[in-house]
Amino acid sequence: MKFLYNLHLILSLLFTCVCLHVFPDENPYLTREDSVLRLKEVQVMGYIQPQIKWQTPTSVSLLDAKELELQSVTSMVSAMNTAPGVRMEERSPGSYRLSIRGSLVRSPYGVRNVKIYYNDFALTDAGGNTYLNVLNVNDLQGIEILKGPDGSLFGANSGGVVFLESNTDTNQALQINAYGGSYGLFGNSIYLARNSGNHFWTVRQSYQRADGYRDNTNNYRLFFQASDRWQYTQNNFLEAYAFYSDLDYRTPGGLTEEQYNEDRTQSRPATKTMPGSREQKTRISTRMYFGGIRHKADFTPNLSHTVSLWGNHVDFVYPFITNYEIRNEDNWGFRTYFTLEGNKTSSSDWKPSLNLGFEWQRLVTDAYNYDNHGGVKGDIQAYNDIVNLQYFGFLRGRLEWKRRLTIEAAVSLNHNSYHFRDTTNIKNSFPNIWMPHLAVNYKLSDPLSLRFTFSKGYSNPTTAEIRPSDNRVHDNLYAEQGWNTEAGVRLNLMNGRLTLDASCFHYLLNDGIVSQVDSTGNTFFINAGKIKQLGIEANGSWIIIPPDKKNSFFKRVQFNSSYTYSYFKYDKYQAKGEDHSGNRVAGIPRTVWVNSLYFDFPSNIYLFVQNNYTSRIPLNDANSSYADSYNLMSAKLGINLNKKYLPQNIYFFADNILNEKYSLGNDLNAVGGRYYNAAPMFNFQIGVSWNL
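Definitions and cut-offs
- Residues numbered from 1 in each chain as written.
- Predicted model: local features only at pLDDT ≥ 70, side-chain atom pairs only at ≥ 80, totals over all residues.
- Heavy atoms only, no water.
- Helix = DSSP H or I, 4+ residues; strand = E, 2+ residues; numbered from the N terminus.
- Rg over C-alpha atoms; globule rule 2.2 N^0.38 Å.
- Buried < 20%, exposed > 50% of the residue type's maximum accessible area, 1.4 Å probe, protein only.
- Contact = heavy atoms within 4.5 Å.
- Areas by Shrake-Rupley, 256 points an atom, 1.4 Å probe, with all protein chains shown as cover.
- Lys, Arg positive; Asp, Glu negative; His and termini not counted.
- Charge placed at Lys NZ, Arg CZ, Asp CG, Glu CD.
- Salt bridge = Lys/Arg side-chain N within 4 Å of Asp/Glu carboxyl O.
- Pairing = 2+ DSSP bridges.
- 1 Å grid on protein atoms, 1.4 Å probe; cavity = no way out; pocket = protein on both sides within 12 Å on 5 of 7 lines; lining within 4 Å.
- Points joined across faces, edges and corners; volume = space filled by probe spheres on them.
- Nonpolar A, V, L, I, M, F, W, Y, C, P; charged D, E, K, R; others polar.
- Core = buried A, V, L, I, M, F, W, Y, C linked by side-chain atoms within 4.5 Å.
- Phe/Tyr/Trp six-rings, centres within 6.5 Å; stacked < 30°, edge-to-face > 60°.
- pLDDT = per-residue confidence, 0-100.
- Patch = residues over 30% accessible without salt bridge, like charges linked within 9 Å, V, L, I, M, F, W, Y side chains within 5 Å.

Q: Please explain the overall build of the protein chain as it appears in this structure.
A: On a plain count of helices and strands, the protein chain comes out with eight helices and 39 strands. For the protein chain, the C-alpha radius of gyration of 25 Å lies close to 26 Å, the compact-globule estimate for 692 residues. Taken over 692 residues, the protein chain has a buried fraction of 58%. Partitioning the contacts of the protein chain with sequence separation of at least 6, the portion at a separation of at least 24 is 64%. Accessible area of the protein chain: about 28,600 Å², with a carbon and sulfur share of 57%. If you average the places of the 67 positive and of the 63 negative side-chain charges in the protein chain, the two averages end up 4 Å apart.

Q: I keep staring at the environment of Val-440 and nothing clicks. Help me out?
A: Mapped onto the secondary structure, Val-440 falls in strand β23 (residues 433-443). For the pair Val-440 and Arg-398, spaced 42 residues apart in sequence, the C-alpha separation works out to 9.8 Å. Excluding its chain neighbours within four sequence positions, the residues that come into contact with Val-440 are Pro-57, Leu-405, Thr-406, Ile-407, Leu-450, Arg-451 and Phe-452.

Q: Looking at this structure, how should I read the pattern of salt bridges?
A: Side-chain pairs of opposite charge can arise whenever the charged atoms involved come near each other. In the structure shown here, the tally under the stated rule is 25 salt bridges. Where Glu-408 meets Arg-396, a salt bridge forms, and the shortest distance between an N and an O atom there is 3.4 Å. Here the residue Glu-408 occupies a position in strand β21 (residues 405-420), and Arg-396 occupies one in strand β20 (residues 376-401), the gap between them amounting to twelve residues. Glu-408 gets classed as buried once you look at its relative accessible area, which sits at 2%. One salt-bridge network, held together by shared partners, links Arg-101, Lys-147, Glu-486 and Glu-537.

Q: Looking at this model, I keep getting lost on the sheet that holds strand β5 (residues 96-100). Mind explaining?
A: Strand-to-strand pairing in sheets goes through backbone hydrogen bonds, with the strands running parallel or antiparallel. With respect to topology, three strands assemble into an open sheet ordered β4-β5-β6, the strand pairing being mixed. Either end of the sheet is taken by a strand with one partner, and the two such strands are β4 (86-90) and β6 (110-111). Here β4 pairs with β5 via five bridges, running antiparallel. Pairing of Met-88 across the sheet is with Leu-98, part of β5.

Q: Would you mind showing me how to read the layout of surface pockets here?
A: Where empty space is left in the structure can be found by rolling a water-sized probe over the atoms. The calculated volume of the second largest pocket comes to roughly 240 Å³. Elements with a contribution of two residues or more to the lining of the second largest pocket: α6 (257-262) and β36 (626-627). Tallying contributions element by element places α6 first for the lining of the second largest pocket, with three residues. Among the residues making up the lining of the second largest pocket, the classes are represented as seven nonpolar, four polar and four charged.

Q: Is there a simple way to explain the sheet that holds strand β3 (residues 60-64) in this structure?
A: Strand order across the open sheet formed by five strands is β3-β9-β10-β7-β8, with mixed pairing between neighbours. With partners counted over all chains shown, the strands left at the sheet margins are β3 and β8 (121-122), one partner each. In the sheet, strand β7 (residues 114-118) pairs with strand β10 (residues 160-165) via five bridges, with the strands oriented parallel. Residue Ile-116 lies in a different strand from β10, and its bridge partner there is Val-162.

Q: What am I meant to see in unusual backbone geometry here?
A: What is expected of a backbone is that most residues other than glycine have negative phi and most peptide bonds are trans. Positive phi values are uncommon outside glycine, yet Asn-119 reaches one of about 50°. Position of Asn-119 among the secondary structure elements: in the loop between β7 and β8. Here the phi dihedral of Tyr-183 falls at roughly 60°; this positive angle occurs in a residue that is not glycine. By secondary structure assignment, the location of Tyr-183 is in the loop between β11 (173-181) and β12 (185-196).

Q: What exactly am I supposed to notice about the side chain of Thr-282 here?
A: Relative to the assigned elements, Thr-282 resides in the loop between α7 (277-280) and β16 (283-298). Residue classification places Thr-282 among the buried residues on the basis of a relative accessible area of 2%. Among residues more than four places away in sequence, those in contact with Thr-282 are Asn-216, Arg-250, Thr-251, Ser-277, Pro-319, Phe-320 and Ile-321.

Q: Is there a simple way to think about the pairing of strand β18 (residues 324-341) in this case?
A: Strand direction decides the pairing type here: strand β17 (residues 303-319) and β18, joined by 17 bridges, are antiparallel. Bridge assignment links Val-317 to a residue of β18, and that residue is Ile-326. Hairpin geometry of β17 and β18 is characterised by an intervening segment of four residues between the two adjacent antiparallel strands.

Q: What is the right way to read the environment of Gln-390 from this model?
A: On the secondary structure map, Gln-390 appears in strand β20. The exposure class of Gln-390 is buried, given its relative accessible area of 9%. Taking C-alpha positions, Gln-390 is 48 Å from Pro-647, a pair spaced 257 residues apart along the chain. Ignoring anything within four residues of it in the chain, the contact list for Gln-390 reads Lys-115, Asp-125, Ala-126, Glu-359, Trp-360, Gln-361, His-415 and Asn-416.

Q: What is the right way to read the nonpolar core from this model?
A: One broad trend across soluble globular proteins is that nonpolar side chains are buried collectively. Grouped together as the largest cluster of nonpolar side chains are 63 residues, with contacts concentrated most on Leu-98 and Val-162. Among residues more than four places away in sequence, those in contact with Val-162 are Met-80, Leu-98, Ile-100, Val-114, Lys-115, Ile-116, Tyr-117, Ile-143, Glu-144 and Ile-145. The next biggest cluster of nonpolar side chains, apart from the first, holds 13 residues, and it includes Ala-627, Leu-668, Ala-670 and Ala-678.

Q: Quick question: what am I supposed to make of the packing of aromatic side chains here?
A: Two numbers describe a pair of aromatic rings. These are the distance of the centres and the angle of the planes. Under the criterion given, the structure shown has 35 aromatic pairs. Between the aromatic rings of Phe-223 and Phe-243, the centroid separation amounts to 5.3 Å while the plane-to-plane angle is 35°, which identifies the pairing as tilted. Of this pair, Phe-223 sits in strand β14 (residues 219-233) while Phe-243 sits in strand β15 (residues 236-250), placing them 20 residues apart in sequence. In this pair, the class of Phe-223 matches that of Phe-243, namely buried.

Q: I would appreciate a short explanation of the pairing of strand β28 (residues 523-527) in the present structure.
A: On a regular strand, each side chain points to the face opposite its neighbour's, so the side chains alternate between the two faces of the sheet. Among the five residues of β28, four are classified as buried, and the element is accordingly described as predominantly covered. Bridge count for strand β27 (residues 513-517) against β28 is five bridges, and the pairing is antiparallel. Looking at β28, one finds that Ile-513 is bridged to Asn-527.

Q: Could you clarify how one ought to interpret the confidence of the model for the protein chain in this entry?
A: When pLDDT drops low, the exact placement of atoms in the prediction is not to be read closely. Scored by pLDDT, the protein chain has a mean of 88; 92% of the residues are at 70 or more. Summarising per-element confidence for the protein chain, the mean pLDDT is lowest in helix α2 (residues 32-35) (36) and highest in strand β34 (residues 605-614) (97). Below pLDDT 50 for its whole length, residues 1-38 participates in 43 contacts with residues either more than four positions away or in separate chains.

Q: When you look at a nonpolar patch on the surface in this model, what are you seeing that I'm missing?
A: A surface patch of nonpolar side chains, about 550 Å² in accessible area, is lined by Phe-299, Phe-338, Leu-340, Leu-354, Leu-356 and Leu-395. Mapped by element, the contributors of at least two residues to the nonpolar patch are β18 and β19 (350-373). With respect to the secondary-structure elements, Leu-354 resides in strand β19.

Okay, here's the thing in structure tokens:
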């Protein structure tokens, strides 16, 4: 598109000119008074001990509460997609899937080969599944994304690790939010936080419902959370979390290209041999009850211990085209680790630390499949009683020298197994796998640091892949594994006003798991030989006008840009008598480029504009069909009133301003070419929030 080329050319020239301009020793934009206003160092909290981001030897993306507030309030998709190397999709409202440097061909729905933690508790269960959609983005205060395999501390994964935080701020607060918008959207959230003696407790509530853009897409989510942090001594605390989520959304199903062009709002229509989504009343209902406690004790200034216990129950109901699925799941988890650090008051240039820990999870699943008679369950088709067991021990050493050199070496030993305790009596214990991790970060000068990472990725098939929607037990699936090599560079100029974080990686994945679809539309999985993954990721930020500058029109102007280039190809892969070796991996765009501008005007008015360019996407392993590239532009205009009893923030958010025709979540390798799940055209949200 001509618009795209012009936009990218302008932004590239602009960013290049700025970089050339700021490299001289004397910066004309900074006075001596300005130079003391150094931006706060950003910390990474996910690696057990807080680390300064610029000293972290691996690739990490951080999204704080302010960045999340600038995005859509309805889902975390747009926020997550600002991180390079991360792709999040929403096939229909409420139906998430997430990939970090990985293949979405493994995730027709849900989250696979990525480990996710929520407030330090594993949200990913022992079967490898993550009910990410039970959470509401309005209830999150921070997201950290560790990119690339990092099983040394967090167990089996081949894509990366995500940390979701709901309590990053420990100040007293009462916040009330309400919003509405296109397609019957309405939602609210309430957050109450109080300090009471040695306790800091919080209560959260949120609700969201919408009719949806397409037929058969009504959805709602109700969420409650309570937490308490008890600091019973100066060096010891106990935290408790509990939440309940009730999620229900209808699934419209995929469309062929002809149906997609004829009427994008329709649900999957009936055929001569198969009913449609509306006739079968296809939907997904998920109720989750979650509880966990975490205790941390500092035995000495150098030695601490942390232990976490959690459990959850899930009621899952899924009337599909060909069957009516019901699952009852109970998952229990335990995580403990010791941290030994060198003397923090020592004058030594060397600062060592050591972590030793263990994590264990057990999942019990009762899975039933019935005939589906127009949304009413009929005769039983299949039943399985499944137990998944997962545990790993880990050891990590870290050494810092003069805040210039950081070396990390870690390893974990991972065990995964499953047992079908029903009449099939199928047992499988995957080989215990060592997952080493080595990373180095070296600061060449104040603004420049280099890093290198070498690590092993490993991800066993999930319960949903071993027992997919075809009701068969696929006990012939292998775990996927491979070695990831990565190098990166970070630049920090003008006291943090101009930053750049870039990396390139090579990841050779063996026995990669990919999805297939049978003639009835049921999904199953196979191992795809080898997958070559080469990628480049970059994220830059430029504070054009800093907050302390005296400017009559702008209080602050900031430009952000993230770029992802993914060269993912099947190395050796044959399926259904066809050789797909050398083809692009389905579901992965070659290029994603996200640019945004933030303007802070006088009178507390702000404007945020963002453009997401995504190149065309192969829809099947044969690469015979592609989804077109698209530019997704959004904007948020708001005002912060900062007056008692008046709304703290009033905003208007517009999405898909260019009215692009695109599918945000394609059904890959779909039989009959039913690839497309149409996303909304231009839509909007209006909201208010109070801080009382």
